[in-house]
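# Structural features, examined
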Amino acid sequence: MIGAAFRVMALTLLRDRAALVMAFVLPTVIFAIFAAIFSGAVGDRIRIHLGLADLAGTPATARLVSALAADTSLRVTRLPADLAAATEAVRAGEVDVALVLRGDLAAAPSGASAPDHPVVLVENPAKALATPIALGQLQRVLNEALPDVVLSRIVADVERTGKIGPDERAFLDEAFAEQRAKKEPFSFSALVERQSTAAAVGNARVSYYAGAIAAVFLLFAAMQGALSLVEERESGLADRLSAGPGGLGVIVVGKFLFLTLQGVVQAGLIFGAAALLHGVTIGPHWPAFLLTCGLVSAMAAGLALAACAAAATRQQAHLFATFGVLLLSAVGGSMVPRFLMPPWLQQAGWFTPNAWAIEAFQGALGEGSAVPAWGVLAALALAGLGAALALVARRPA
Amino acid sequence: MAPLLACTGLGLAYRGRPVLDGLDLALDPGEILALLGPNGAGKTTLMRLVAGRLVPGAGTVRVSGRDPRTEADARRRVGWVPQEIALWPRLSVAENLGVFASLAGLPRRGRRGAVAAMLALADIEAVGASLVGQLSGGYQRRVNIAAGLIGQPPLVLLDEPTQGVDRAARAAIHAMLRRLRRAGTAILVATHDFAEAERLADRVAFLRGGRIVREGPLAALLAGLAAGPPERELVLAEIPDDAAERALRRAGFAPDAELAWRETGPGRDDGAGPAQRLDGAALLGRLRAEGVPVSEVRVRAPGLEALYRDALETRARAAPALEPAR
């Protein structure tokens, strides 16, 4: 009897070409689009648009401009040598943030008065995130490409304290210039070594947003499939099926199994695209990956069936399918990474299935443990299925 | 021998108002019982109780001695055909029947044969591969009924099985039901169609306000009317004016539909006493002379409709009952 309900779902989907395309083509298309958005949002490909105006025109500022322009993590546009023009470019949105080099970066000679702040950063409050990124990148490029300039400013500071004299300062500046000319590395510019938590970089980087996209897509797809429960109720089919020997329970279980299998295929398609486009490695992790796909799909199927069983009308079910899933996905990190959210919202995310789905995929494909997330997903799936069964049994004829 | 279906003292209230009130009903194998009554009389509610979809507030329902509400075996013995076309529109006729065969608990190897047999019984073999959603209303009705019969239940409940179908489809459905009766299936059919009930039913039961107000073998009930005068109905060419309406009422007629007036009693002569009953031609001439736009006088032996009016309309009216929500 459960197989009969499964067959109805399969045949109905096969006969509806549009639904079929949406079920099995849309996952890869959605993933490709969202992956492009997410890869920027998680910081992997944030390339702010930096405006540069060199008012000073000194050798040091010219070196900085060249170094910034050559940096692959920035998109640089040269602006006219005018602070007002740079400000206007930021205001007009032509660039996200602008650096105006109005003085020489090297320390002023002994006795000369040093101008305050040789670099002006022009920021747009609407793009506040660009400011710390630009400052960080400026500091990094200064350290990497102009270490002699950085050091000369430090030495000038020491000279002002009276610990060294002008001759010693000149000697040090000369030594730094020689070291730069010989292209010998400065120790402080190699102060930080980067280490990743992930052995396979693609998995850790992409599994977050592949999991996030899979969670939201599976919830939407499951809601779409579970809507048949409402349609069958409105057409009188549910009433008729309830009068059968197996009751409506076998129909709900059949739908649950179909939606779970459909979800596994959809998650497979999403991660297949992730493997092809973003180098995610599934092979060595396939048992854990498959279990995660099954549990996330079962969770989506269970919750969708419970929502449709609880909905009194088709409109109510549609409302949950759109606003409910959107809300869960937004809070759960399927739209924006949770680490970018306020702390209280990050905590609230643990009450959404999306957050646990993401955890499970990250754990299954990375080095972490997916077991706690699997437990939560299994509990949600069973609770959803149980609620759906109880609701269809209790609903008056 | 115990009847196949036995309803005893059946009662059900919905939001405090009685829908069924102390109803007794029995049905034997190979018997067709027609349930007649106005909307809200409790016909569909009775069927849902027999199908095990509702819990009776009082009394019992037994199918082959078992409670269909609690025993799957009892539900397996009932084929419920609801008023709605309760089928999957994107599945073919044969696929729909196959799914219902599975849900009825038929073993896998027997399903193909059961579907073929049902296609033949309902005379729908020609559309077996067509999607249900693309069929005409008449074919959909036949498939709807066939889906309820696929498990070969000994008791079939039909809720207005020919609603909205044309004459040919209706004849095909009636032929199917007669074949079922010959095979020993008991059929409980709720209908508003008197002609259908007359053609099919062995017994009729009139429901009003959740009670059976008259019930018995159709032939015996009709025999009781045979001694009475024939029924007469007037068909008017246009809506009568006030003077014509007064003339019609004086002649003993009352409106039945917009352009149809039915004889309800003896007419009155000018002295307000009972008038002599005129034959059809004389009645037509007199009414036309009085300015009534009569186009036709119909005379027929009293049938089920007369029984219905006698059973339901001439008795004290009960408060309209509510059907439980679906």
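The notes below deal with the structure included here. Per chain, residues are indexed from 1 in the order of the written sequence. The naming scheme follows written order: chains are lettered A onward, ligands numbered 1 onward. Confidence filtering applies because this is a predicted model: local features only for residues at pLDDT of at least 70, side-chain atom pairs given and counted only at 80 or more, and all residues used for totals across whole chains, interfaces and linings. Note that water and hydrogens are dropped before the side-chain values are worked out from all heavy atoms of the structure.

With 134 residues, the main nonpolar core has Phe 31 of chain A together with Phe 206 of chain B as its most contacted residues. Counting from the N terminus, the helices are the DSSP runs of H or I reaching at least four residues and the strands are the DSSP runs of E reaching at least two. For this core, the leading source of residues is helix H9 (residues 201–235) of chain A, giving 19 residues. Ignoring anything within four residues of it in the chain, the contact list for Phe 31 of chain A reads Leu 26, Val 206, Tyr 209, Ala 210, Ile 213, Ile 270, Ala 273, Ala 274 and His 278 of chain A. Throughout this description, the term nonpolar core refers to a set of buried Ala, Val, Leu, Ile, Met, Phe, Trp, Tyr and Cys residues connected via side-chain atoms within 4.5 Å. Buried residues are those whose accessible area, probed at 1.4 Å on protein chains only, stays under 20% of the maximum for their type, while exposed residues exceed 50% and partly exposed ones sit between those limits. Membership of the second largest hydrophobic core comes to 30 residues, among which are Leu 20, Leu 49, Val 61 and Trp 80 of chain B. Working rule for contacts: check all heavy atoms of both residues, and any pair within 4.5 Å makes them a contact.

A separate point is the pairing of strand S2 (residues 17–27) of chain B. The two faces of the sheet receive side chains in turn, since in a regular strand these alternate between them. Residues and elements named next belong to chain B. At least two DSSP bridges between two strands are required for those strands to pair. Looking at chain direction, strand S1 (residues 5–14) and S2 are connected through seven bridges and run antiparallel. Its bridge partner lying in S2, Leu 5 is registered against Leu 27. Between the end of S1 and the start of S2, which pair antiparallel, lie two residues, with Arg 15 showing a positive phi angle near 50°.

This brings us to the sheet that holds strand S13 (residues 294–300) of chain B. Working definition: the strands of a sheet are paired by backbone hydrogen bonds and lie parallel or antiparallel to each other. Residue and element names in this part refer to chain B. The four strands are arranged S11-S12-S10-S13 in an open sheet whose pairing can be described as antiparallel. This sheet does not close on itself; its edge strands, each paired only once, are strand S11 (253–257) and S13. The average angle at which neighbouring strand axes cross in this sheet is 30°, direction not considered. For strand S10 (residues 231–236) and S13, the ladder comprises six bridges, and the chain directions are antiparallel. Lines are fitted to the C-alpha atoms to define the axes, a helix being fitted only along its stretch in contact, and any angle between axes, read from their N-to-C directions, falls within 0 to 180 degrees.

Under the pairing criterion, centres of Phe, Tyr and Trp rings, with the six-membered ring standing for Trp, must be within 6.5 Å; the plane angle then separates stacked pairs below 30 degrees from edge-to-face pairs above 60, leaving the rest tilted. Per the stated rule, a full pass over the model turns up eight aromatic pairs over all chains. Taking 4.9 Å as the distance between ring centres and 65° as the angle between the ring planes, the aromatic pair formed by Phe 194 of chain B and Tyr 308 of chain B counts as edge-to-face. With a gap of 114 residues between them, Phe 194 of chain B in helix H7 (residues 194–200) and Tyr 308 of chain B in helix H11 (residues 304–313) connect regions that are remote in the sequence. Looking at Tyr 308 of chain B, the relative accessible area reads 13%, which means it is buried. Site record: aromatic cluster; members linked through ring pairs are Phe 271, Phe 289 and Phe 361 of chain A. Two thresholds decide whether a charge sits over a ring: the Lys NZ or Arg CZ must be within 6 Å of the ring centre and within 35 degrees of the ring normal. In this structure, Arg 240 of chain A is placed above the aromatic ring of Phe 100 of chain B, and the distance from its NZ or CZ to the ring centre is 5.0 Å.

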